[in-house]
Every structure is written in C-alpha cells, then in structure tokens.
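Here is how the chains run, residue by residue.
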Amino acid sequence: MVAVSQTWARAPGDRSAAARRLTAVLALMLALAALAGLAAGASGTSLWSALADLAAGRELSLRDRVVLWDIRLPRVMMGCLVGAALAVSGAVLQGLFRNPLVDPGIVGVSAGASLGAVVAIVLGGSVAVIPAQWLVPVAAFAGAWAATLTLYRIATRAGRTSVATMLLAGIALTALAMALTGLLVYMADDAQLRDFTFWNMGSLSGASWSKLAVAAPLIGLPLLAAPALARGLNGLALGEAAAGHIGIEVQRLKAAAVLIVAAATGAAVAVSGGIGFVGIVVPHLLRLVSGPDHRYLLPNAALLGAALLVLADLASRTVIAPAELPIGIITAVIGGPFFLYVLLRQRGLVDL
Amino acid sequence: MLIARDIVVKHRRRTILHGLLFRAEAGQVTAIIGPSGAGKSTLLGTLSGDQPFEGRITLNGRDIRGARPAEMARQRAVLPQAMPMAFPFTVAEVVRLGLHEAMALPHVVAQALGRVGLAGREAALFQELSGGEQQRVHLARVLAQVWAPVTGGAPRWLLLDEPVSSLDIGHQLQVMAIVRAFAGQGGGVVMVMHDLNLTAMSADSVALMQAGRIVAQDRPGAVFTDALLGAAYGCAVAVNRTPRDCAYVLPQVAGGPGG
C-alpha cells in the first residue's frame, strides 16, 4: 500500500500504474481460463490424470491425446485469438470513431463476412477450386475485407476520411449486405439453411491445428501492430484537428486502424462465425477499471477478450453436454443486457 | 515570425478568406478581432495547418505546407474553441496528451495546471469539470506542449481561438497574464478575441477582420478608433482612452438607463 500511495503522490491523475497491475491480473486470469478450457469438456478425459500419467512416465492413451492435443488445445488457442481479435478491434474502432458504442458489427465488417459465408454455402457447390471446409472461412474473410475497404473508399475523399460518413455508410452497407444475405437464404435449401444458421450463431467447434495455422498470422500480426496505434488513438480523443496539432499523422492512423480491424475481425469471423458483443463489453469494462489510455487498453483488451471467450466457449460445450450451444448465443445473452446497461448509463452523458 | 501572404480559403464555392496578409512577431501578442463570420477562426485554423489554402504561410521562416504534424507540434500548440473529450480521461491525462514521450514529466503537468489555477485537480475526470475549467485544462495542455517559449534559438507559438470565451473576469485576466508572460519570454502568441477591452489591454498588435479581409493591422491604439471599429462591426462604437492611453469601449444602448 505504501508503494501504491507513493506512486500516486508522484503523478496524481495518472492511472498507468493501476493499468499495468491490471495487465498482470488479466494475464493470470487468461492462464486460469485456458487451463479450465483444457481441463473440462464433454468427454471424460481429465487433464489432471493425463498429467499424472505423463509425470509417471506412462504413455498417454490415444483417446486422451486426441481429446487434449487435437481437440481442446487448438480450440482454447482459437478462442484466445478470436476473443483478442474481437476485443482489440472493438477498442480500436471505438477510439477511431470516438464513441464507446461502436463495434465491428456496426461498421459492416461482420455483415460483409456473413454475406461471404452465405454465398459460399449456397452457391459454393459449383466452385471446386477451394476445398469445401475452407470455402466458408475464406469467403467470409473476403466478405469482411470487401466491406471494410468499400466503406473506407466511400468515406475517403481527397485523402481525408470522414469518420461520420464511415459510420453512416457502415449502416447502409450492413443493410445492403443483410438484404443480399436474406435473398440467398431465401434461395437456400434446408441443409444449406441449417449450415448458415449455425455458422451465423458462431462456434469454435471447428478449431483444428490446420485452421489455427491459417488464422494465427492473420489475427496475430494485426494484434501485434495494434499497440502502435495507442498514442494516436489517445490524441484522437481530442478530435481530428487537435490530434493533428499535437503531432499525430491522422490520415495514416485512420488507414492503419481500418486495415488492422479488417484483418483481425475478418479472420476471427471467418473461423468462428458471428460472435457478438465481445468488442463492446471488453473495452468498456476496462475503461471503467483503469481509464481510457489506449497504451494499456489495447493489450488489456486482448487479454480480457481472450479469457472471456475461452470461458464462454467452455460454457458453450459444457452447459448442455454432450451437445453444444453456439457460443454466439452465450456472448449475446451476457452481452446484450450489458450493452443496454452501458447505453442507459451514458444517456445524457454522451450526446452524439 | 509568422507570416501569411495572399491567403485564399474556399469552402465549397464560397470564398471565406480573400487573399489576405497577416503577420505576427515572436515576443508579441497578436490579436485577431472582428464581427462573427468575418473569418477569424478560419484564419487561425489556416495558420494551424487545418485546411487547404492558396498562398504561403511561413512559421519561423519555414513553409508550413508539407510540414510533418510532429515537426509542427514541436513549434506551435493550438487551442481550438470547443473541444469535448471522447472518453473519461483524467485532467492529468489530458494535459499529458500534448507532451512528447521524452518530456512527459509529471512536474510539467502539475506546473501547467498550477498556472491556469487548477493545481491539485490532476485526478479529476475531465468530463465532470465545468465548461470554464475544461477550457483551462486544454490551455494547460497547450502550454505544456510548448513549455519553453524559446528552444534552440527559435520561438515557439501559441495559437489560441477565443481562449477566454467561457471564463469569468478573474480567470480572463489570469489567462491574459499567462499569454503576456509567454510573449515576454520570447514566444509568439496569436489569439482570436471577442472582448475588445481585454484585447486593447493585452495585445501588442491587432488585426481587425471584416468579411474575409484584414481591414487593419497595427498596435491597438491605432486600430481602436470609432471609424475603424464602427465600420467593421456595423454599429456606433465610442472608443475612449484611459489616463495611461489604453483604448477602451464602453457600450451604449440607445434608450437604456445609462443613456
């Protein structure tokens, strides 16, 4: 306690020490969540007995090895990547739009991915170039990119990106993508309809090492690049003109932020479907605890997003085991009311 | 020296600034006055590098066109008119935004806040402050950004858009004293002002604008005349002089209790 109060006495109003302590707490939380994700599941396999086997020098049973190594571990790691991608994308977009209610779902990224997925599911039979199990993720990724880049082109004129235009155009593009998605759903047969519905509700059940090998760089690189945006996003809280006045290259910042979000969210939605609310809930919770400084918000969002998604996935595969609940339902059941709570609390505070 | 020559600024098809000449010396306080809509804020924004313009602006002898934002930020700080913050930053965090990583020293934050009369308010949330306090926090941020008025022999600049618009008279005088001190140490100050008396008391040079043009730029005593102010503001203005020859304007309402 003495050390803490001294830190505060030296730099009052500076919450960076608290934010760094939070990073340590969240890292521990993620480690525990990952351990729980490995330990629990629908099959009777126990992580502890497997570890005891290993410690005693015994060979693991094939069943244990498959369950732990080929099913649970890639799934936990995919959960980490997807959760971190969604939470960091949310934090970056909120900083970019200067609005705590923005989410990858609002600017059309998710709708573009959905459209890509439904195109692959309904019309995909005639495309033989890409193996079937890859077709949906690849198409979803392409859809997310196409939507984000279209949006960016629409909102950028003479080298300047209008954030307000981007927000409004995002709503229009979302509506358009959803209309096209609806048209394709209308054309779909029963099996395709079921495939799309499950994809759309989101799941990590398809996680495998080979999928992970594709998703990890697509999600990991933008996540590693994101902290470079932190100072710029802090300055952007003053508004674009004032951010420029304190030395920030605003146009470059906006372009980089859009690319990072498109890559991270596009890849995350492609491998896991529509998982909502992580992007809103995580940054908001963190701002309540340690303030809006993006230098700490972005890494903390990655940790908390990863931990929450691993836990949500754990719930999705254990609540009605041996069957599985789509993870999107779990995040929506928790996230929806939370979103409303944020909205109600900020009504009157934030006029937009 | 800050010199703007032949400045033309257009918005859509409307011309806002009509080829004007403006100059400000380091070590002086230069005020821009004029009626609403005359183009004062547009001129300040153009000097800040916010919008496209025709003509040429040099700051300390260097063309600002094509200058990198980081390079400009080391030479001048800008205080816009209204500036709501997007997220719940503390006062100290807002002031610190203006600092470069290398000079993010806690004592600069504390001293800058002390100068604007907000000592000890570092941990308060910006959004919970009054409008006047928020304006002073941003002034502290801007001061922190160009903390030394002269660096490496080159003056630094404060560009302020109505820095006292939300302040009571005590804080108005405090801000004017800050601005005078900055110029007194060799820095340059350009500020858009509405209050004519405060301008006459504080400025070394006054640029009077009307309809996108500078109709006069000179010392306050020469610009504050019945004819010039009356023509620019479109009303009868009676300029008086204090015994120490400072101009002041006492508004007279026709048919009011004083008249």
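Rules used throughout
Residues numbered from 1 in each chain as written. Chains lettered and ligands numbered in written order. Predicted model: local features only at pLDDT ≥ 70, side-chain atom pairs only at ≥ 80, totals over all residues. Heavy atoms only, no water. Helix = DSSP H or I, 4+ residues; strand = E, 2+ residues; numbered from the N terminus. Rg over C-alpha atoms; globule rule 2.2 N^0.38 Å. Buried < 20%, exposed > 50% of the residue type's maximum accessible area, 1.4 Å probe, protein only. Areas by Shrake-Rupley, 256 points an atom, 1.4 Å probe, with all protein chains shown as cover. Lys, Arg positive; Asp, Glu negative; His and termini not counted. Charge placed at Lys NZ, Arg CZ, Asp CG, Glu CD. Patch = residues over 30% accessible without salt bridge, like charges linked within 9 Å, V, L, I, M, F, W, Y side chains within 5 Å. Salt bridge = Lys/Arg side-chain N within 4 Å of Asp/Glu carboxyl O. Phe/Tyr/Trp six-rings, centres within 6.5 Å; stacked < 30°, edge-to-face > 60°. Lys NZ or Arg CZ within 6 Å of the ring centre and 35° of its normal. Core = buried A, V, L, I, M, F, W, Y, C linked by side-chain atoms within 4.5 Å. pLDDT = per-residue confidence, 0-100. Contact = heavy atoms within 4.5 Å. Buried area = accessible area lost by both parts, 1.4 Å probe. Polar contact = N/O pair within 3.5 Å; in protein donor to acceptor, adjacent residues only side chain to side chain. Nonpolar A, V, L, I, M, F, W, Y, C, P; charged D, E, K, R; others polar. Pairing = 2+ DSSP bridges.

1. With respect to the overall build of chain B
No. 1: On a plain count of helices and strands, chain B comes out with nine helices and 14 strands.
No. 2: In terms of overall size, chain B behaves like a compact globule, its C-alpha atoms giving a radius of gyration of 19 Å where 259 residues would be expected to give roughly 18 Å.
No. 3: With the C-alpha coordinates aligned to their principal axes, the bounding extent of chain B is approximately 55 × 45 × 35 Å.
No. 4: Considering chain B as a whole, with its 259 residues, one finds that 51% of them fall into the buried category.
No. 5: Accessible surface, chain B: about 11300 Å² in total, of which carbon and sulfur atoms supply 52%.
No. 6: Where the 24 positive side-chain charges of chain B centre and where its 19 negative ones centre are 6 Å apart.

2. Concerning a nonpolar patch on the surface
Residues and elements named next belong to chain A.
No. 1: There is a patch of nonpolar side chains on the surface, built from Leu 28, Leu 32, Leu 35, Trp 48, Leu 51 and Leu 54 and spanning about 630 Å² of accessible area.
No. 2: Among the elements of the structure, α2 (16-39) and α3 (47-55) are those that each provide at least two residues to the nonpolar patch.
No. 3: Relative to the elements of secondary structure, Trp 48 occurs in helix α3.

3. Concerning the packing of aromatic side chains
No. 1: For the coordinates displayed, the defined rule picks out two aromatic pairs over all chains.
No. 2: Relative to Trp 209 of chain A, the ring of Trp 69 of chain A lies with its centre 5.1 Å away and its plane at 35 degrees, an arrangement referred to as tilted. Taken together, the residues span a long stretch of sequence, with Trp 69 of chain A in helix α4 (residues 62-97) and Trp 209 of chain A in helix α9 (residues 209-225) at a distance of 140 residues.
No. 3: Taking the relative accessible area as the measure of exposure, Trp 209 of chain A reaches 30% and is therefore partly exposed.
No. 4: In this arrangement the basic side chain of Arg 65 of chain B is found over the ring face of Phe 53 of chain B, its NZ or CZ atom lying 4.3 Å from the centre.

4. Notes on the nonpolar core
No. 1: Counting 156 residues, the largest nonpolar core has Val 82 and Phe 97 of chain A together with Leu 158, Leu 160, Phe 224 and Leu 229 of chain B as the members making the most contacts within it.
No. 2: With 15 residues, α4 of chain A is the largest single contributor of residues to this core.
No. 3: Residues Val 9, Ile 32, Leu 43 and Val 78 of chain B belong to the second largest nonpolar core, which totals 27 residues.

5. Focus: the confidence of the model for chain A
No. 1: Mean pLDDT for chain A: 84, with 92% of residues reaching 70 or above.
No. 2: Scored below 50 in pLDDT, residues 1-9 of chain A makes five contacts in the model with residues more than four places away or belonging to other chains.

6. Some thoughts on the pattern of salt bridges
All names here are of chain A.
No. 1: Scanning the entire structure with this criterion turns up 13 salt bridges over all chains.
No. 2: Across the salt bridge formed by Arg 75 and Glu 324, the nearest N and O atoms sit 3.0 Å from each other. With Arg 75 in helix α4 and Glu 324 in the loop between α14 (294-318) and α15 (327-346), this pair connects stretches of sequence that are 249 residues apart.
No. 3: When its relative accessible area of 5% is taken as the criterion, Arg 75 is described as buried.
No. 4: With a closest N to O distance of 2.9 Å, Glu 240 and Lys 254 form a salt bridge. Here Lys 254 lies in helix α12 (residues 250-272) and Glu 240 lies in helix α11 (residues 240-245), a separation of 14 residues in the sequence.
No. 5: Exposure remark for Lys 254: the relative accessible area of 3% places this residue in the buried category.
No. 6: One salt-bridge network, held together by shared partners, links Arg 75, Asp 313, Arg 317 and Glu 324.

7. Looking at the interface of chain A and chain B
No. 1: Opposite the 31 residues of chain A that make contact, chain B presents 32 residues.
No. 2: Of all residues in chain A, Leu 238, His 245 and Ile 246 of chain A give up the largest surface area on contact with chain B, accounting jointly for 26% of the area buried on that side.
No. 3: Our enumeration of links across chain A and chain B arrives at three salt bridges.
No. 4: Ionic pairing is found between Arg 96 of chain B and Asp 14 of chain A, a salt bridge with its closest N-O pair at 3.7 Å.
No. 5: Taken together, the connections running from chain A to chain B amount to seven residue pairs in polar contact (both at pLDDT 80 or more).
No. 6: Where the side of chain A that touches chain B is concerned, the elements lending two or more residues are α4, α10 (230-236), α11 and α14 of chain A.
No. 7: If you tally residues by element for the side of chain A that touches chain B, the top one is α11 of chain A, at four residues.
No. 8: Partitioning the side of chain A that touches chain B into residue classes produces ten nonpolar, ten polar and eleven charged.

8. Some remarks on the pairing of strand β12 (residues 213-218) of chain B
All names here are of chain B.
No. 1: With five bridges joining them, strand β11 (residues 205-210) and β12 adopt antiparallel strand pairing. Counted as the bridge partner of Ala 207 is Gln 217 from β12.
No. 2: Counting the residues in the hairpin turn of β11 and β12 gives two residues, including Ala 211, whose phi is positive at 50 degrees.

9. Section: the environment of Glu 54 of chain B
All names here are of chain B.
No. 1: Tracing the backbone through its elements, the reader meets Glu 54 in strand β4 (residues 54-59).
No. 2: In this structure Glu 54 comes out as partly exposed when scored by relative accessible area, which is 43%.
No. 3: Considered as a pair, Glu 54 and Arg 5 are 49 residues apart in the sequence and their alpha carbons are 9.1 Å apart.
No. 4: Residues within four places of Glu 54 in sequence aside, it is in contact with Asp 6, Ile 7, Val 8, Lys 10 and Arg 65.

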